[in-house]
Amino acid sequence: MSLQAIKFSATPEVSLSILNQLQVPYQSKYIAIDSIAPLPGVTKFSGYEAIKGMYTRGAPAIMLVGCFSIVVELNRVLHSDIGSAQQYKYNLNDAESFKRRLLERIDELIKSRPTAVNLANGCEEIKKIVVSEKNSDLELLYNRILQFSENLYKEDYQSNINIGKNGLQYIKDVLKKENFKGPFSVMTICNTGSLATSGYGTALGIIRHLHQYLSKDKSTDQFYFEHAYPCETRPYNQGSRLTAYELQYEKIPFTLITDNMPSFLIDNLNRKEQHTNQGALASLASNAPIRFIIVGSDRIVKNGDLANKIGTFQLSLLSKLYDEIKFIGAAPTTTIDYNTKSGEDIKIEERPKDELTMVLGAKMNGNSFAEDKESKDVVLERVRMAPLDIGVWNPSFDVTPHQNIDCIVTEKEYLVKDSSGVFHL
Ligand code: MRU
């Protein structure tokens, strides 16, 4: 079983709810989504708000929540009383006007988070269905969009499993070629697991595969996976809150580090003959060298440049300094943007200052999260960690150039560059 970020059901009632990831790992609460985008006084909580507000996050999960929110809104408009259509400003008596309204709502949704291309890719596919549906039967249109979204969900899960397999294969091929023996570790950033997808995960899916098929007791090779190092992932802490939670849940051995520790850690683990600091090394759970940095992606463009969580680029620079560390970008093909030539043209989302200066955490009661006596909810507190009224820069993503990437793993294959350094995506 894996953690479930998205719950969608088409029968007996159409319903969509998402795990409120702002509150993970403190508590697991689901929130229902009733619309594509907010309509004051009409909707309670929309896909747009869930995505923009980071209640749900991770490129594939954003796409799936976005597409399902379209299904939910259409269901309301078509299947509840006539008032709903009016409130949502759809004209049920004119199919063309209905479609125009739907396209307008989808365009609004796409704007919620601009860097992750999966949402735009999924929504553009739905827009094609809307435009191509010549029949004025709106029920038919609804069913096609429902089917598309359900398939997307199923395909995403299967893609994750295949990314896991292909990533595992790449890692085995590299280590065999180098005649590597013994334990190795991997590093990752952000959260790319079940919570960021339909389930299982991309980069974290590869780590799950390593644990499942290449840990000491499972490996049939002379090498084995021993340890994972997730970076905390400031400012939003997807690494410490979500990835640490998933790794713990999956019982995968790991040690959490902050985003400014990778160089010191790698220097200690990988410079076997001449450790910079034996003392620091002694307190680590594993001494296995880091051989792979495995990251997810929000957008991979035509030349292989990859946008991912801020902090990814610096990890790629580090891997360049160490010949033996391979940098892997893992993503389903829904993350590929064939229309953009290179990373310079990727729009980088800038997020609110508060994300950097404030943090949401749980109040503690001894070694447990403190609960409110009546509601039994965990008591959450937002605290500030910086002076008031200061300048803050908060780009959510950075771009890793293809020159720094050794391998791109998709559900179809693992891709390495040709002899002239070009990825053929
Ligand atoms: O801001 P987030 O949490 O949505 O950022 C997520 C990432 O950067 C992930 O690495 C990426 O979306 C891939 S998730 C499988």
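Residues numbered from 1 in each chain as written. Predicted model: local features only at pLDDT ≥ 70, side-chain atom pairs only at ≥ 80, totals over all residues. Heavy atoms only, no water.

Quick notes on the site of the ligand
Now for step 1: For the ligand, the set of nearby residues contains 19 residues, the closest of which are Arg57, Arg113, Asp298, Asn308 and Lys309.
Now for step 2: Within the backbone of Gly58, a nitrogen or oxygen atom sits 2.9 Å from an oxygen atom of the ligand.
Now for step 3: For the ligand, an oxygen atom lies 2.7 Å from a polar atom in the side chain of Lys309.
Now for step 4: Calculation on the ligand without its partners gives an accessible area of 410 Å², and the protein chains cover 100% of this total.
Now for step 5: When contributions to the shell around the ligand are tallied by element, the ones reaching two or more residues are helix 2 (59-79) and strand 8 (306-309).
Now for step 6: In terms of residue class, the shell around the ligand is made up of six nonpolar, nine polar and four charged.
Now for step 7: Two domains each provide a minimum of three residues to the shell around the ligand, namely domain 1 (6-155) and domain 2 (166-349 + 395-415). (Near = heavy atom within 4 Å. Polar contact = N/O pair within 3.5 Å; in protein donor to acceptor, adjacent residues only side chain to side chain. Areas by Shrake-Rupley, 256 points an atom, 1.4 Å probe, with all protein chains shown as cover. Helix = DSSP H or I, 4+ residues; strand = E, 2+ residues; numbered from the N terminus. Nonpolar A, V, L, I, M, F, W, Y, C, P; charged D, E, K, R; others polar. Domains from an automatic or database assignment.)

Topic: the packing of aromatic side chains
Now for step 1: Taken as a whole and assessed by the stated rule, the structure comprises 10 aromatic pairs.
Now for step 2: Judged by centre distance (5.5 Å) and plane angle (85°), the ring pair of Tyr26 and Phe369 falls under edge-to-face. In this pair, Tyr26 is assigned in the loop between strand 2 (15-19) and strand 3 (30-32) and Phe369 in strand 13 (residues 368-369), connecting sequence segments 343 residues apart.
Now for step 3: Classification of Tyr26 as buried rests on a relative accessible area of 15%. (Phe/Tyr/Trp six-rings, centres within 6.5 Å; stacked < 30°, edge-to-face > 60°. Buried < 20%, exposed > 50% of the residue type's maximum accessible area, 1.4 Å probe, protein only.)

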